[in-house]
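If you want the building blocks of each chain, they are given just below.
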Amino acid sequence: MKKKKNQKTNNKKEPVVDTTIIEHMACLEVNRLILQPPFHLVSDIQWNDKGVSFDGDIEVYNSQKIEKNNFVDKVPVQVKGTTTPKKVYSSGKIRHSVKKDDLEVYYKHGRGVLYFVVTIIPISYKTQAYYHMLAPLDIKGLLLELERSGNESITIDFSELKKGSLEKICHGMIHTVKKQPLQYIEANEEMDFTHYQVEFVNVDADSFNIFETTAYIYGFNSDSIGKPVEATKVTEVRKDHTESVSLNNEENCIKYYTLETEKEYTINIENTLIIKY
(Lines give C-alpha, C1' and ligand atoms only; values in the text may rest on other atoms or scores of the structure.)
Protein backbone atom coordinates (compact mmCIF):
# COMPACT_ATOMS: atom_id res chain seq x y z
CA MET A 1 0.00 0.00 0.00
CA LYS A 2 1.11 3.51 -0.80
CA LYS A 3 1.75 5.80 2.08
CA LYS A 4 -0.51 8.83 2.24
CA LYS A 5 1.31 12.07 1.72
CA ASN A 6 1.01 14.62 4.41
CA GLN A 7 -1.56 17.16 3.29
CA LYS A 8 -0.57 20.77 3.82
CA THR A 9 -3.17 23.26 4.84
CA ASN A 10 -3.03 27.00 4.41
CA ASN A 11 -5.50 27.72 7.16
CA LYS A 12 -3.44 30.15 9.16
CA LYS A 13 -5.03 31.26 12.38
CA GLU A 14 -4.92 34.94 13.12
CA PRO A 15 -2.96 35.85 16.22
CA VAL A 16 -5.09 36.47 19.27
CA VAL A 17 -4.71 39.99 20.62
CA ASP A 18 -5.59 40.54 24.26
CA THR A 19 -8.36 43.07 24.89
CA THR A 20 -6.02 45.17 27.03
CA ILE A 21 -3.62 45.51 24.09
CA ILE A 22 -6.51 46.28 21.73
CA GLU A 23 -7.73 49.16 23.92
CA HIS A 24 -4.17 50.42 24.37
CA MET A 25 -3.56 50.43 20.60
CA ALA A 26 -6.90 52.18 20.01
CA CYS A 27 -6.03 54.99 22.41
CA LEU A 28 -2.55 55.34 20.89
CA GLU A 29 -4.08 55.77 17.42
CA VAL A 30 -6.57 58.41 18.61
CA ASN A 31 -3.80 60.25 20.46
CA ARG A 32 -1.66 60.17 17.30
CA LEU A 33 -4.47 61.82 15.34
CA ILE A 34 -4.91 64.44 18.07
CA LEU A 35 -1.21 65.33 17.97
CA GLN A 36 -1.22 66.87 14.48
CA PRO A 37 -0.36 70.34 13.13
CA PRO A 38 -1.28 73.07 13.87
CA PHE A 39 -1.25 71.52 17.39
CA HIS A 40 -4.40 73.18 18.74
CA LEU A 41 -5.59 69.96 20.42
CA VAL A 42 -4.33 68.42 23.66
CA SER A 43 -5.24 64.88 24.68
CA ASP A 44 -6.37 63.80 28.10
CA ILE A 45 -7.12 60.22 27.04
CA GLN A 46 -5.72 57.32 29.06
CA TRP A 47 -5.90 53.76 27.79
CA ASN A 48 -6.64 52.34 31.25
CA ASP A 49 -9.12 55.05 32.21
CA LYS A 50 -11.68 53.84 34.77
CA GLY A 51 -14.15 56.71 34.35
CA VAL A 52 -17.87 56.08 33.95
CA SER A 53 -18.56 55.73 30.21
CA PHE A 54 -15.86 58.27 29.24
CA ASP A 55 -12.19 57.75 28.41
CA GLY A 56 -11.17 61.37 28.92
CA ASP A 57 -11.45 64.44 26.75
CA ILE A 58 -9.77 66.62 24.13
CA GLU A 59 -8.81 70.16 25.08
CA VAL A 60 -9.27 72.63 22.21
CA TYR A 61 -7.19 75.82 21.86
CA ASN A 62 -7.20 78.62 19.28
CA SER A 63 -3.40 78.91 19.19
CA GLN A 64 -0.27 76.77 19.34
CA LYS A 65 0.41 78.39 22.71
CA ILE A 66 -1.28 76.06 25.14
CA GLU A 67 -2.32 78.52 27.82
CA LYS A 68 -5.50 79.63 29.60
CA ASN A 69 -6.13 82.66 27.40
CA ASN A 70 -6.27 80.46 24.30
CA PHE A 71 -8.49 77.74 25.75
CA VAL A 72 -11.76 77.14 23.83
CA ASP A 73 -13.45 74.15 25.45
CA LYS A 74 -13.23 70.41 26.17
CA VAL A 75 -14.77 67.60 24.14
CA PRO A 76 -15.65 64.40 26.08
CA VAL A 77 -14.54 61.23 24.29
CA GLN A 78 -15.07 57.49 24.32
CA VAL A 79 -12.59 55.13 22.60
CA LYS A 80 -13.31 51.53 21.62
CA GLY A 81 -10.94 49.12 19.89
CA THR A 82 -11.92 46.13 17.79
CA THR A 83 -10.14 43.63 15.55
CA THR A 84 -10.99 42.99 11.91
CA PRO A 85 -9.56 40.33 9.54
CA LYS A 86 -8.91 42.84 6.75
CA LYS A 87 -9.02 46.50 5.85
CA VAL A 88 -12.50 48.02 6.16
CA TYR A 89 -14.31 49.44 4.28
CA SER A 90 -14.18 50.94 0.81
CA SER A 91 -17.09 53.23 1.75
CA GLY A 92 -15.09 54.77 4.59
CA LYS A 93 -17.72 53.72 7.13
CA ILE A 94 -18.23 50.96 9.69
CA ARG A 95 -21.05 50.04 12.06
CA HIS A 96 -20.58 49.50 15.78
CA SER A 97 -22.91 49.01 18.73
CA VAL A 98 -23.31 51.45 21.62
CA LYS A 99 -24.76 50.38 24.97
CA LYS A 100 -27.93 51.90 26.37
CA ASP A 101 -26.47 52.50 29.83
CA ASP A 102 -23.57 54.43 28.29
CA LEU A 103 -25.98 56.58 26.26
CA GLU A 104 -27.91 57.34 29.43
CA VAL A 105 -24.72 58.60 31.09
CA TYR A 106 -23.85 60.74 28.03
CA TYR A 107 -27.32 62.28 28.05
CA LYS A 108 -27.29 63.09 31.78
CA HIS A 109 -23.82 64.59 31.39
CA GLY A 110 -25.32 67.05 28.91
CA ARG A 111 -22.24 67.66 26.75
CA GLY A 112 -22.50 64.79 24.31
CA VAL A 113 -19.55 62.60 23.39
CA LEU A 114 -17.15 62.21 20.49
CA TYR A 115 -17.16 58.43 20.08
CA PHE A 116 -14.17 56.72 18.43
CA VAL A 117 -13.91 53.14 17.18
CA VAL A 118 -10.46 51.95 16.09
CA THR A 119 -10.15 48.82 13.95
CA ILE A 120 -7.00 46.72 14.24
CA ILE A 121 -5.83 44.04 11.79
CA PRO A 122 -4.26 41.29 14.00
CA ILE A 123 -1.73 40.09 11.40
CA SER A 124 -0.30 43.49 10.39
CA TYR A 125 -1.46 45.51 13.43
CA LYS A 126 -2.58 48.29 11.10
CA THR A 127 -5.10 50.60 12.67
CA GLN A 128 -7.86 52.84 11.34
CA ALA A 129 -9.94 55.24 13.43
CA TYR A 130 -13.60 56.05 12.88
CA TYR A 131 -15.80 58.56 14.70
CA HIS A 132 -19.41 59.50 15.42
CA MET A 133 -20.35 62.84 16.93
CA LEU A 134 -23.12 62.28 19.47
CA ALA A 135 -24.67 65.60 20.48
CA PRO A 136 -27.49 65.67 23.08
CA LEU A 137 -30.23 65.52 20.39
CA ASP A 138 -28.55 62.49 18.79
CA ILE A 139 -28.38 60.72 22.13
CA LYS A 140 -32.02 61.49 22.96
CA GLY A 141 -33.09 60.06 19.59
CA LEU A 142 -31.10 56.85 20.14
CA LEU A 143 -32.54 56.42 23.64
CA LEU A 144 -36.08 56.81 22.25
CA GLU A 145 -35.31 54.10 19.67
CA LEU A 146 -34.03 51.80 22.39
CA GLU A 147 -37.11 52.49 24.49
CA ARG A 148 -39.34 51.46 21.59
CA SER A 149 -37.32 48.33 20.76
CA GLY A 150 -36.58 47.20 24.31
CA ASN A 151 -32.94 46.47 23.33
CA GLU A 152 -29.92 47.18 25.53
CA SER A 153 -27.69 48.41 22.68
CA ILE A 154 -28.00 50.02 19.26
CA THR A 155 -25.78 49.85 16.17
CA ILE A 156 -24.82 53.13 14.48
CA ASP A 157 -22.60 54.29 11.61
CA PHE A 158 -19.07 55.59 12.13
CA SER A 159 -17.17 57.64 9.55
CA GLU A 160 -13.47 57.31 8.77
CA LEU A 161 -11.36 59.79 10.71
CA LYS A 162 -9.02 61.42 8.24
CA LYS A 163 -5.68 62.83 9.30
CA GLY A 164 -5.92 66.56 9.98
CA SER A 165 -9.73 66.66 10.26
CA LEU A 166 -10.10 66.23 14.01
CA GLU A 167 -9.81 69.91 14.96
CA LYS A 168 -12.74 70.84 12.70
CA ILE A 169 -14.76 67.94 14.12
CA CYS A 170 -14.08 69.16 17.68
CA HIS A 171 -15.16 72.71 16.84
CA GLY A 172 -18.33 71.35 15.20
CA MET A 173 -19.03 69.34 18.34
CA ILE A 174 -18.52 72.34 20.63
CA HIS A 175 -20.74 74.57 18.48
CA THR A 176 -23.54 72.00 18.31
CA VAL A 177 -23.55 71.07 22.00
CA LYS A 178 -23.81 74.75 23.02
CA LYS A 179 -27.04 75.00 20.99
CA GLN A 180 -28.55 71.93 22.70
CA PRO A 181 -28.73 72.52 26.47
CA LEU A 182 -30.71 69.81 28.24
CA GLN A 183 -33.17 72.24 29.83
CA TYR A 184 -34.24 73.40 26.34
CA ILE A 185 -34.49 69.85 25.00
CA GLU A 186 -36.68 68.75 27.91
CA ALA A 187 -38.89 71.86 27.70
CA ASN A 188 -39.47 72.05 23.94
CA GLU A 189 -42.33 69.51 24.01
CA GLU A 190 -44.50 72.16 25.64
CA MET A 191 -43.53 74.97 23.24
CA ASP A 192 -45.34 76.27 20.17
CA PHE A 193 -42.92 77.26 17.42
CA THR A 194 -43.65 79.69 14.60
CA HIS A 195 -40.92 78.40 12.31
CA TYR A 196 -38.05 75.93 12.16
CA GLN A 197 -34.43 75.90 11.03
CA VAL A 198 -32.35 72.93 9.87
CA GLU A 199 -28.61 72.86 10.53
CA PHE A 200 -25.90 70.47 9.36
CA VAL A 201 -22.45 70.13 10.91
CA ASN A 202 -20.40 70.12 7.71
CA VAL A 203 -17.00 68.66 8.57
CA ASP A 204 -15.82 67.87 5.04
CA ALA A 205 -17.35 69.94 2.21
CA ASP A 206 -15.83 67.67 -0.45
CA SER A 207 -17.59 64.55 0.83
CA PHE A 208 -20.79 66.14 2.20
CA ASN A 209 -23.87 63.99 1.58
CA ILE A 210 -27.18 65.53 2.66
CA PHE A 211 -28.75 62.08 3.06
CA GLU A 212 -26.00 60.73 5.33
CA THR A 213 -25.31 63.80 7.47
CA THR A 214 -27.37 64.38 10.62
CA ALA A 215 -29.81 67.29 10.35
CA TYR A 216 -30.48 69.18 13.59
CA ILE A 217 -33.88 70.87 13.77
CA TYR A 218 -34.31 74.02 15.89
CA GLY A 219 -37.67 75.64 16.62
CA PHE A 220 -38.22 79.38 16.96
CA ASN A 221 -41.04 81.34 18.57
CA SER A 222 -41.62 85.02 19.33
CA ASP A 223 -38.38 85.38 21.30
CA SER A 224 -36.35 84.39 18.18
CA ILE A 225 -34.23 82.02 20.25
CA GLY A 226 -33.65 78.63 18.66
CA LYS A 227 -34.66 75.65 20.79
CA PRO A 228 -33.33 72.15 19.96
CA VAL A 229 -36.14 69.91 18.69
CA GLU A 230 -34.81 66.80 16.96
CA ALA A 231 -31.85 65.10 15.28
CA THR A 232 -32.91 63.39 12.06
CA LYS A 233 -31.82 62.35 8.56
CA VAL A 234 -33.07 63.87 5.31
CA THR A 235 -34.87 61.28 3.17
CA GLU A 236 -35.88 63.48 0.22
CA VAL A 237 -35.34 66.98 -1.15
CA ARG A 238 -38.14 68.61 -3.15
CA LYS A 239 -37.80 71.83 -5.14
CA ASP A 240 -40.75 73.54 -6.86
CA HIS A 241 -40.16 75.46 -10.09
CA THR A 242 -42.11 77.67 -12.45
CA GLU A 243 -41.02 78.28 -16.04
CA SER A 244 -42.46 80.56 -18.69
CA VAL A 245 -42.52 78.84 -22.09
CA SER A 246 -43.52 80.44 -25.40
CA LEU A 247 -45.71 78.24 -27.65
CA ASN A 248 -47.35 79.58 -30.81
CA ASN A 249 -46.64 83.13 -29.69
CA GLU A 250 -48.36 82.50 -26.38
CA GLU A 251 -46.69 82.58 -22.99
CA ASN A 252 -47.47 79.53 -20.91
CA CYS A 253 -46.63 79.07 -17.26
CA ILE A 254 -45.44 75.54 -16.57
CA LYS A 255 -45.05 74.25 -13.05
CA TYR A 256 -42.85 71.32 -12.16
CA TYR A 257 -40.89 69.98 -9.24
CA THR A 258 -37.75 67.91 -8.73
CA LEU A 259 -37.58 65.23 -6.05
CA GLU A 260 -34.22 63.81 -5.00
CA THR A 261 -33.65 60.82 -2.73
CA GLU A 262 -30.46 58.95 -1.93
CA LYS A 263 -31.06 56.55 -4.84
CA GLU A 264 -33.31 58.37 -7.31
CA TYR A 265 -33.92 61.74 -9.01
CA THR A 266 -37.41 62.58 -10.30
CA ILE A 267 -38.77 65.44 -12.44
CA ASN A 268 -42.54 65.87 -12.36
CA ILE A 269 -43.97 68.28 -14.97
CA GLU A 270 -47.55 69.41 -14.34
CA ASN A 271 -48.26 66.00 -12.78
CA THR A 272 -48.50 64.55 -16.29
CA LEU A 273 -44.92 63.89 -17.40
CA ILE A 274 -42.64 62.11 -14.93
CA ILE A 275 -38.95 61.48 -15.60
CA LYS A 276 -36.88 59.31 -13.27
CA TYR A 277 -33.18 58.52 -13.26
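Located above this text is the structure these notes cover.
Residues numbered from 1 in each chain as written. Predicted model: local features only at pLDDT ≥ 70, side-chain atom pairs only at ≥ 80, totals over all residues. Heavy atoms only, no water.

Caption draft 1: Geometry of the nonpolar core. The biggest cluster of nonpolar side chains holds 54 residues, and the ones touching the most others in it are Ile-58, Leu-103, Leu-114, Phe-116 and Leu-166. Every residue in contact with Leu-103, bar those within four places of it in the chain, is listed here: Val-98, Leu-134, Ile-139, Leu-142, Leu-143, Leu-146 and Ile-154. (Core = buried A, V, L, I, M, F, W, Y, C linked by side-chain atoms within 4.5 Å. Buried < 20%, exposed > 50% of the residue type's maximum accessible area, 1.4 Å probe, protein only. Contact = heavy atoms within 4.5 Å.)

Caption draft 2: Highlighting the sheet that holds strand S9 (residues 214–220). Strand order in the open sheet formed by 3 strands is S8-S9-S10, with antiparallel pairing between adjacent strands. Edge positions in the sheet fall to strand S8 (195–200) and strand S10 (227–233), since each of these pairs with one other strand and no more. Strand after strand, the sheet turns through a mean of 30° between neighbouring axes, direction not considered. Note that S9 and S10 share 6 bridges and pair antiparallel. By the bridge assignment for S10, Ile-217 is matched with Glu-230. The sheet strands contacting helix H3 (residues 136–149) are S9 and S10, and the helix crosses S10 at an angle near 65°. (Pairing = 2+ DSSP bridges. Helix = DSSP H or I, 4+ residues; strand = E, 2+ residues; numbered from the N terminus. Axes fitted to C-alpha atoms, helices over the stretch in contact; angles between N-to-C directions.)

Caption draft 3: A look at the side chain of Thr-213. You can see Thr-213 is positioned in the loop between S8 and S9. Within polar-contact distance, the side chain of Thr-213 engages the backbone oxygen of Asn-209 at 2.9 Å. Dropping the residues within four chain positions of it, Thr-213 is found in contact with Phe-200, Val-201, Phe-208, Thr-232 and Lys-233. (Polar contact = N/O pair within 3.5 Å; in protein donor to acceptor, adjacent residues only side chain to side chain.)

Caption draft 4: Region of the structure containing the sheet that holds strand S14 (residues 273–276). The 4 strands lie next to each other as S11-S12-S13-S14, forming an open sheet whose pairing is antiparallel. The open sheet is flanked by strand S11 (236–247) and S14, the only strands paired with a single partner. Strand-to-strand, the axes of this sheet are offset by a mean angle of 20°, without reference to chain direction. Here S11 pairs with strand S12 (residues 250–261) via 12 bridges, running antiparallel.

Caption draft 5: Highlighting helix H2 (residues 100–109). By the burial criterion, the buried members of H2 are Asp-102, Leu-103, Tyr-106 and Tyr-107. Seen along its axis, H2 keeps its buried residues to an arc of 135°; they face one direction. (Arc of directions from axis to C-beta.)

Caption draft 6: The arrangement of the pattern of salt bridges in detail. The full count for this structure, using the stated rule, is 7 salt bridges. Between Glu-59 and Lys-74 there is a salt bridge, with the nearest N and O atoms lying 4.0 Å from each other. With Glu-59 in strand S2 (residues 56–61) and Lys-74 in strand S3 (residues 71–83), this pair connects stretches of sequence that are 15 residues apart. Glu-59 sits in the buried class, given a relative accessible area of 19%. Looking at Lys-74, the relative accessible area reads 31%, which means it is partly exposed. Of the charged contacts in the structure, one is a salt bridge between Arg-111 and Asp-73, with a shortest N-O distance of 3.7 Å. Placement of Arg-111 in the loop between H2 and strand S5 (113–120) and of Asp-73 in strand S3 is noted, with a sequence separation of 38 residues between them. Relative accessible area serves as the criterion here: at 30%, Arg-111 is assigned to the partly exposed category. (Salt bridge = Lys/Arg side-chain N within 4 Å of Asp/Glu carboxyl O.)

Caption draft 7: Layout of the packing of H2 against H3. Two elements in contact, H2 and H3, have axes whose closest approach is 10 Å; the angle formed by their N-to-C orientations is 145°. Crossing geometry of H2 relative to H3 is assigned as left-handed. Here H2 contributes Lys-100, Leu-103, Glu-104, Tyr-106 and Tyr-107 to the contact with H3, which in turn contributes Pro-136, Ile-139, Lys-140, Leu-142, Leu-143 and Leu-146. In the contact of H2 with H3, the residues fall into 8 nonpolar, no polar and 3 charged. (Left-handed = near helix turned anticlockwise from the far one by under 90°. Nonpolar A, V, L, I, M, F, W, Y, C, P; charged D, E, K, R; others polar.)

Caption draft 8: Fine view of the environment of Thr-20. Looking at the element boundaries, Thr-20 is found in helix H1 (residues 19–34). Put simply, Thr-20 and Asn-48 are 28 residues apart on the chain and 8.3 Å apart in space, counted from C-alpha to C-alpha.

Caption draft 9: Expanded view of a nonpolar patch on the surface. Where nonpolar side chains cluster on the molecular surface, the patch consists of Leu-273, Ile-275 and Tyr-277 and spans about 320 Å² of accessible area. Structurally, the position occupied by Leu-273 is in strand S14. Residue classification places Leu-273 among the partly exposed residues on the basis of a relative accessible area of 45%. (Patch = residues over 30% accessible without salt bridge, like charges linked within 9 Å, V, L, I, M, F, W, Y side chains within 5 Å. Areas by Shrake-Rupley, 256 points an atom, 1.4 Å probe, with all protein chains shown as cover.)

Caption draft 10: Fine view of the packing of aromatic side chains. Following the criterion strictly, the structure yields 6 aromatic pairs and no others. Aromatic rings pair up to connect Phe-54, Tyr-106, Tyr-115 and Phe-158 into one cluster. Between Lys-179 and the ring centre of Tyr-218, over which it is positioned, the NZ or CZ distance is 4.4 Å. (Phe/Tyr/Trp six-rings, centres within 6.5 Å; stacked < 30°, edge-to-face > 60°. Lys NZ or Arg CZ within 6 Å of the ring centre and 35° of its normal.)

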